Every structure is written in structure tokens, then in C-alpha cells.
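Take a look at the letters that make up each chain.
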Amino acid sequence: LFVDKAASIRHLVDQLHDFRNQSVPDEDIEAVLDRLEEFVEQVDNAGNLHKLGGLRPLMDCAMPLEEEPEAKRSAEIRAKALLVLGVATQNNPPVQADVLSLGGLELEYCEA
């Protein structure tokens, strides 16, 4: 059975955009992150994450900005998003460059 990985990742990214919507349960966001992690373990899929619009919402979910307190999810969800970012960037300089280009090291974590 053939799986269109790009379409699957795009669908997950679309679902991840809903992380700010507090009516979406943490369990649903966690399931999206789990599935996304499976995809980005493969280097080529990780490389396509930014092209498919997935890095920014993943970074925002992991590290919500102070001016967006409504975007803050549970510590478990934020940790899972960081894990997915770590998997995508490990030993993958192009994805590391993508994260840097999005200000990945400049983001400030919202403690509130």
C-alpha cells in the first residue's frame, strides 16, 4: 500500500495549527505530535517539514510567546513538541538551518 508521505505530513501540520484552539484536547495534539515524530525520524521527511509549513507551528507549540498565553499547552505537550523538533534537527544541518532562519534560538519561553 502506497502512502503519500508529503500529504500525510501536510495533514498533520494542518492539525498542528489547531494547537492554539483550547477546545482541541491535549490528547489530540499529542497524537498528532506522535505521528509527526514517526515521519521526521526519516531525514528526507524532516527536510520537508519546513517546506510543508510544519516548523513554525511546531516551534510555537513548543515555545509559546509571552504575548500569546492562550497558545500555551501543557508541559507534556510542549515537551513532546520539543522532542519532535529534536528528532527533526538531529544530524540534519538543513533542518537546523531552517530552525535558525525562523529564529529558533531567539525565542523566549513563556513561563506564565
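Residues numbered from 1 in each chain as written. Predicted model: local features only at pLDDT ≥ 70, side-chain atom pairs only at ≥ 80, totals over all residues. Heavy atoms only, no water.

Q: Give a description of the nonpolar core that names residues and reports values.
A: One broad trend across soluble globular proteins is that nonpolar side chains are buried collectively. Counting 29 residues, the largest nonpolar core has Ile29, Leu33, Leu49, Leu58 and Leu85 as its most contacted members. Elements that contribute at least two residues to this core include exactly α1 (5-16), α2 (26-40), α3 (43-51), α4 (55-62), α5 (75-89) and α6 (93-101). Apart from the residues lying within four places of it in its own chain, the contact partners of Leu33 are Leu16, Leu58, Ile77, Lys80, Ala81 and Val84. (Core = buried A, V, L, I, M, F, W, Y, C linked by side-chain atoms within 4.5 Å. Buried < 20%, exposed > 50% of the residue type's maximum accessible area, 1.4 Å probe, protein only. Helix = DSSP H or I, 4+ residues; strand = E, 2+ residues; numbered from the N terminus. Contact = heavy atoms within 4.5 Å.)

Q: Give me α6: which residues, what numbers.
A: Those residues of α6 that sit buried are Val95, Asp98 and Val99. Buried residues of α6 fall within an arc of 100° about the axis and therefore sit on the same side. Across α6 from its buried face, at more than 90 degrees, point the exposed residues Pro93, Pro94 and Ser101. Each element contacted by the buried residues of α6 is listed here: α3, α4 and α5. Where α6 ends, the next residue or the one after it, Gly103, has phi of about 80°, a positive value. (Arc of directions from axis to C-beta.)

Q: Break down a negative patch on the surface for me, citing the residues and quoting the values.
A: Together, Glu27, Asp28, Glu30 and Glu76 make up a negatively charged patch on the protein surface. The dominant element in the negative patch, judged by the number of residues it contributes, is α2, at 3 residues. Secondary-structure assignment places Glu27 in helix α2. The exposure class of Glu27 is exposed, given its relative accessible area of 56%. (Patch = residues over 30% accessible without salt bridge, like charges linked within 9 Å, V, L, I, M, F, W, Y side chains within 5 Å. Areas by Shrake-Rupley, 256 points an atom, 1.4 Å probe, with all protein chains shown as cover. Salt bridge = Lys/Arg side-chain N within 4 Å of Asp/Glu carboxyl O. Lys, Arg positive; Asp, Glu negative; His and termini not counted. Charge placed at Lys NZ, Arg CZ, Asp CG, Glu CD.)

Q: Requested: an account of the pattern of salt bridges, with residues and values cited.
A: Taken as a whole, this structure holds 6 salt bridges when the rule is applied. The salt bridge partner of Asp26 is Arg73, with a shortest N-O separation of 2.6 Å. A residue pair is termed long-range when its members are at least 10 positions apart, and Asp26 in helix α2 and Arg73 in the loop between α4 and α5 qualify at 47 residues. The shortest N-O distance in the salt bridge between Lys80 and Asp34 comes to 2.8 Å. Residue Lys80 is found in helix α5, and its partner Asp34 is found in helix α2; the two are separated by 46 residues along the sequence. Given a relative accessible area of 15%, Lys80 falls into the buried group. You can call Asp34 partly exposed: its relative accessible area is 29%. Several salt bridges share partner residues, and in doing so they unite Arg20, Arg56 and Asp60 into one network.

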